[in-house]
Structures are given as C-alpha cells and as structure tokens.
Amino acid sequence: MPHLHLHLFSLSPPLPPTSLRSNLPSPRVTVTVTCSATSASKPSPDVSLLLRAADLADRSAGLSSPHPNFGCVIARKNSGEVVGEGFLYAQGTKCAELQAVEAAGELASGGVAYLNLEPGDCYGDHTAVSALVQAGISRVVVGLRHPLHHLRGKAIQSLRSEGIQVHVLGEDLKSRVYEEALKSCLTVNAPLLYRAAFRVPFSVLKYAMTLDGKIAASSGHASWVSSKLSRGRVFELRGRSDAIVVGGNTVRRDDPQLTARHGGSHVPVRIVMSQTFDLPEEAKLWNVLEAYTIVATQRGARKDLQKNLAAKGVEVVEFDILNPRDVMAYCYDRGYLSVLWECGGGLAAPAISAGVIHKVYAFVAPKIIGGVNAPSPVGELGMVQMSQALNLVDVSFEQIGPDMLISGYLQPIPDLSPTIPSADEIPSIDPALSPYETNIISFYKTWDPFGAFSNFSPHPIQMPYENGKHAVWPSVEHYYQAHKFVGIDSPIARELVEKIMTANSPEEAARMGRRLQREHPKLVRADWENTKIDVMYRALKCKFLTYPHLNAMLRSTAGSVLVEASPHDLFWGGGREGEGLNYLGRLLMQLRSEILEQEASPKLTLTQST
Ligand SMILES: NC(=O)C1=CN([C@@H]2O[C@H](COP(=O)(O)OP(=O)(O)OC[C@H]3O[C@@H](n4cnc5c(N)ncnc54)[C@H](OP(=O)(O)O)[C@@H]3O)[C@@H](O)[C@H]2O)C=CC1
Ligand SMILES: Nc1c(N[C@@H]2O[C@H](COP(=O)(O)O)[C@@H](O)[C@H]2O)[nH]c(=O)[nH]c1=O
C-alpha cells in the first residue's frame, strides 16, 4: 500500500536540487506530497546529477518556447565531480552539450554526461552528439527520449554507434531510486509532452482566493486577494507561458494588463474569450505595444467593435461555437506549448469540464471576505456528491509571504513511451510519408520533420548588408527582421539593426523586429513592402547554398507543394484553411526549381546574388 511521503527540498545555490515544477520559476523551498512507496535504496550519483541537469534545463523555461528545455552536466567518471555544465538558452543558441564540453575542457575526456532530454538534432547537423563524441565522453545518461517521433531515439542511436555507453532512465536504469530524477525530467518538459500526447497546449489554471474560497468580493472587486509577493510569482508564471486566457467579464471588471512584469524577455500573448463581445472600447489589453492580444469570439459578434479593435492591432478570431477546447486547438495550431488560464470561475468551469486544464495553481490568502454571491474559482461542474470531486495528484504546498500556494495536476504528465515509435521503427524523412495531403509538404515549427525550412531554424548565414560589408546573421529571421531598418540614414536605425542582428534567438529577433517596426514606423525603409520578398529570397538562397544537407532536403521535395503552415501569418504562411498567400512556401519552391535547373545544366552556376 503506498503511503504519504513528505519530501522537503532545501535551497543550496547556485544549483539547488530540483523541485519538480513545470511552469514555476526558479526553485524555492517546496514541500511535495506524493503517494508513492518510500525507497530505502541508497542515493545514486546518477540521480543527483540528472536532477542537476533538469534544474539547469529549467532555467530556459519561457525563453526557449516552443522548444524543449535542455540541460547538460558533465562529471568525472569515478568521483562524480562536476566539471562542466550548460543549458540551451533558446533555439539557435549554443546547445547545452557543447557548452558543457567547452566548460569542462580536457576534463571531459572519459567523463559522464547527464542529459535531462535526448538531444533533438532536427536539422541534420549533429552538434550535440558531435560535441560529446569529440570530447571523449565515455557514458551518457539520458533522462527522457525525445518526445517527438521523428527525433526520438536518433541521438541515442548515434551515440551508441560511436561506442559510447548510453543509459536511458526507465529502460536501462529502472529501479525506484531513479523515480525522482525521471519525474524531474518529465516535469521540466511537461508542456512539450502534453502537446505531443494530446495535441493541445499544456494548460494551467491559476487563481487567488481567500480562506473562505472567494476570488473577489460580492461587488466583483478583486484587487487584491493575494499578497504582492504572490503576484510577483504570477508574473514569473506568465513569463513561462505562451498565452494567458481570461473571459470577457474579467476584462470588464478588472481591466487587466496580463503582462509578465518581472523583466524576463518572454512576452505571452493575451487571449480574451468573449461570447457576447460586450467588451469595452478602451482597455489596457488593447494596447498591443505591450503584448499581443487576441479576442476569441462567436462568429458574427459585433462587427463594429471587431473593426475598432482590429484598427488598434488586436486580432479577432471567430469560432462557430466558442468553447475552451476549440480555443486550445487553435492555440495548438499556433504552436503554443503552455497556456495560463487567469479567468474567473465562469470560464474555469467549462475549461475543466472540457478536459483542457492539466494543472492548477491556487494561491490561498489568509483572509475572509464572505458574501453568498462573491465569486469562487470554479463555477458549475454539475457534481452532486463529494465522491465525484476531482482529485489532484503530485500536490505541492509552498508558503509565499503570508499566502499558501497549492499546486497539483488534474491530469498526470503523459508517459509517451508506449505511444510514440522510436527512430528504429520509422524510416528517415521521406516526403512520401508526409502526414499531410499527398503532394503537399507543410512545415512550421523548426522541430517538425521539414522544420529546417522554417526561418527560425538556427542556420547562420553570411550576407553583406551595408557598404558591401559582410556579417554573420544567426538565422534567416535575424536577417529579414533587421532589414526593415537597413539603409536608413539614422544612428537609431543602425542601432536597431545591430540589436536585431545580435538577438539571442530567431524568436527574439522576430519579436524585436515586429515590435520595433510598430514603435518606429518612420525608421522602416520606405520600400520595405516592395522589397521584403527580395530580401527574404536572398537570405533563403544563402541558407540553402551554404548547408548541403538543407539543400538535399529541399531537392528531395521535388514534385511537392511546400506550404508554411502558419495559421496566422497570411502573407508568408498558408493560413489555417489555405487562405494565406504562402510566400515563404512559394519562394522555397522557386529556389528549388533554380537549384534543380542548375543541376540539370551544370554549366549554369547558381550564386547567392542571382
Ligand atoms: N482572484 C482571482 O484570481 C481572479 C478573480 N477574478 C474576478 O472574478 C470575477 C469574474 O469572474 P468570471 O465572470 O467567472 O470570469 P471571466 O470573465 O474570466 O469568465 C467568464 C466569461 O468568460 C466568457 N466565456 C467565453 N466562453 C465561455 C464559455 N464557453 N462559457 C462561459 N463563459 C465563457 C464570457 O464572457 P462574455 O460575457 O464577454 O461573453 C463569460 O462572461 C471578477 O470579479 C474578477 O475580478 C477573475 C480572475 C482571477
Ligand atoms: N485578483 C488577483 C488576481 N487576478 C488576476 O490578475 C489579473 C490582473 O492582472 P494585472 O492587471 O496584470 O495585474 C486579473 O484580471 C485576474 O485575472 N491574481 C492574483 O494573482 N491575485 C489576485 O489577488
């Protein structure tokens, strides 16, 4: 019979042991209650070093989205002494394994590498594996196989074929002592696992309530239930999410901002779900300079207000019947990994009933407000007996200032091993195996099978930009976004170009470029709308001529239509239902024709400038 097991994590900077959080910021003192049998086995160095790798990986949460969080620790074989470590800051930056190898220097030779997640070398360039092989690592301990089927098992296979001993938790290392490490590795990439298993983003419902279970006074006034310290924690939670959802009533009542004001770089999208579209003309959420806002509503609702909001830059998305499941399917299409629901009980209840909420964070403030009509965190669920109550699992209690944060899962983190085939079971990329229509190859996220076609793929290109000067751009996206301001005779414009060029990741470059374009419309080159296709084509050409494996991948798609499956970018992407212009797909097909033509008549030389 499993019994209650109390686990108290302590703080020991700079690398405290993991506290098994996903969507939670840096580790703090946490009491975790789990219902598992206590193991009397002695602690294993593999466990503590894997926990350390998972904690490292967690540092990039919110920065790496929509990519997984990777950490790597290298230790000496016999003593377990840590000699190097690293984590992936964001896609396109130096991988965790290479950082760890560089930090360890010669001490890496013969050592053991601990990875919370199997590396996902999606683009045919095997940086992570090569770094470990070249450093002379003798053994690799992997917490989890990669959850995406086209990457799963590939790196493990490559490492083994290089003669490195690879031990995978749950496969080669099975005993109870590894449970905590496995859980930690699952938790640190929970959003990706939910996404892969259920085809919805990982959703967290967060609310602040009084000790008598109210989220506002009966007047609807709610600022504030929880303490400043707790609200600070909410900012961090927001910074780790891709989107925040509230209902129309919360907008009318609170006029919230819903921004991550702790200074992190990740800015989540704000989503308002409103059936009536009875929303104010003016609201803080309509200021899209702060963060992007989407209003999800019923088809045909208040066209006049829709137009006014669209003029302010707010995106309105119409649904036939607005409901939490369809909105989450929409968020999935947009590539979101994790969503934070900050709504009241009126929306929380249908979201729970629809099964889209996976985790709950309840901040409980030691106050009593009373009021029979004061709102509570979850509305009608139709349950009549306590035995019907939903039980949370993996519950944690944490004191934050005067408040208590109680969190737990409504749906456990999925175990993907039985549902996702390994690399041995699936052949390597073959356009004929595209899950889409026979001769259409869709690509969008960089970890998709043809994800290297995305402008966010981390392939640096060397291109001239001003006065014939050459520069290395970390990705096509960096080059494209910066060129909005290239050639403008202004020191500020030049500064913007530099800023975008040195952005930490393609995602950051895109965010920066779009924001700076909105903030400095006068510094955007006058011919941008006419020239942006040429700019893009030049960059694509350079990318596909620089990297032979990308070139081969592009040529292998001959005969297929390439579509960038972006549901919201109707210029570069194909849109949700094929309504987009798909310029990125078209340019890639044009480039493919050029490359194939050149192949057929070798006398033709393809240069980057043609
Ligand atoms: N302490 C806390 O943590 C929080 C407190 N609050 C407080 O809670 C109160 C608001 O609560 P509540 O009205 O529940 O919050 P919400 O506005 O967050 O949710 C209800 C609204 O969601 C919209 N909605 C969209 N789709 C659906 C659907 N399928 N089913 C039901 N509603 C849907 C409706 O908007 P529409 O009417 O426009 O169609 C509805 O009025 C306020 O007093 C606010 O201050 C709110 C959030 C957090
Ligand atoms: N009242 C309340 C919360 N309310 C949530 O926070 C939103 C306001 O966010 P912002 O405008 O960005 O500060 C509000 O609309 C609601 O969703 N949250 C909490 O952590 N504690 C609280 O006591």
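Thresholds applied
Residues numbered from 1 in each chain as written. Chains lettered and ligands numbered in written order. Predicted model: local features only at pLDDT ≥ 70, side-chain atom pairs only at ≥ 80, totals over all residues. Heavy atoms only, no water. Near = heavy atom within 4 Å. Polar contact = N/O pair within 3.5 Å; in protein donor to acceptor, adjacent residues only side chain to side chain. Areas by Shrake-Rupley, 256 points an atom, 1.4 Å probe, with all protein chains shown as cover. Helix = DSSP H or I, 4+ residues; strand = E, 2+ residues; numbered from the N terminus. Nonpolar A, V, L, I, M, F, W, Y, C, P; charged D, E, K, R; others polar. Buried < 20%, exposed > 50% of the residue type's maximum accessible area, 1.4 Å probe, protein only. Domains from an automatic or database assignment. Contact = heavy atoms within 4.5 Å. Buried area = accessible area lost by both parts, 1.4 Å probe. Salt bridge = Lys/Arg side-chain N within 4 Å of Asp/Glu carboxyl O.

## A short note on the site of ligand 2
Then comes step 1: Around ligand 2, a shell composed of 16 residues is seen, among which Lys206, Val225, Ser226, Gln257 and Glu342 lie nearest.
Then comes step 2: Within the side chain of lysine 206, one N or O atom sits 2.8 Å away from a nitrogen atom of ligand 2.
Then comes step 3: In this structure, glutamate 342 approaches ligand 2 through a main-chain N or O atom, which is 2.7 Å from an oxygen atom.
Then comes step 4: When ligand 2 sits alone it has 520 Å² of accessible area, and the protein chains cover 90% of it.
Then comes step 5: When contributions to the shell around ligand 2 are tallied by element, the ones reaching two or more residues are strand S8 (202–210), helix H7 (228–239) and helix H8 (248–254).
Then comes step 6: Taken together, the residues of the shell around ligand 2 sort by class into seven nonpolar, three polar and six charged.

## Digging into unusual backbone geometry
Then comes step 1: Going from serine 223 to tryptophan 224, the amide bond is cis rather than trans, its omega being 5 degrees.
Then comes step 2: Mapping tryptophan 224 onto the fold places it in the loop between S8 and H7.
Then comes step 3: Located in the positive-phi region is phenylalanine 277, a residue other than glycine, with phi close to 60 degrees.
Then comes step 4: Following the sequence through the fold, phenylalanine 277 ends up in the loop between strand S10 (269–274) and strand S11 (293–298).
Then comes step 5: By relative accessible area, which is 0% here, phenylalanine 277 ends up buried.

## Quick word on the domain arrangement of the protein
Then comes step 1: In terms of domains, the protein is made up of domain 1 (6–188), domain 2 (194–409) and domain 3 (439–600).
Then comes step 2: Of note, the centres of domain 2 and domain 3, computed from C-alpha atoms alone, are 34 Å apart.
Then comes step 3: With eleven residues of domain 2 at the contact, the number on the domain 3 side is eleven residues.
Then comes step 4: Note on domain 2 versus domain 3: buried area summed over both sides is about 930 Å², and carbon and sulfur give 52% of it.
Then comes step 5: When residues of domain 2 are sorted by the area they lose upon contact with domain 3, Leu289, Asp333 and Arg334 head the list and together hold 47% of the total.
Then comes step 6: The tally of links between domain 2 and domain 3 comes to zero salt bridges.
Then comes step 7: Where domain 2 touches domain 3, the interface holds one residue pair in polar contact (both at pLDDT 80 or more).
Then comes step 8: In terms of residue count, the dominant contributor to the side of domain 2 that touches domain 3 is helix H10 (residues 324–333) (three residues).
Then comes step 9: Its residues placed into classes, the side of domain 2 that touches domain 3 shows four nonpolar, three polar and four charged.

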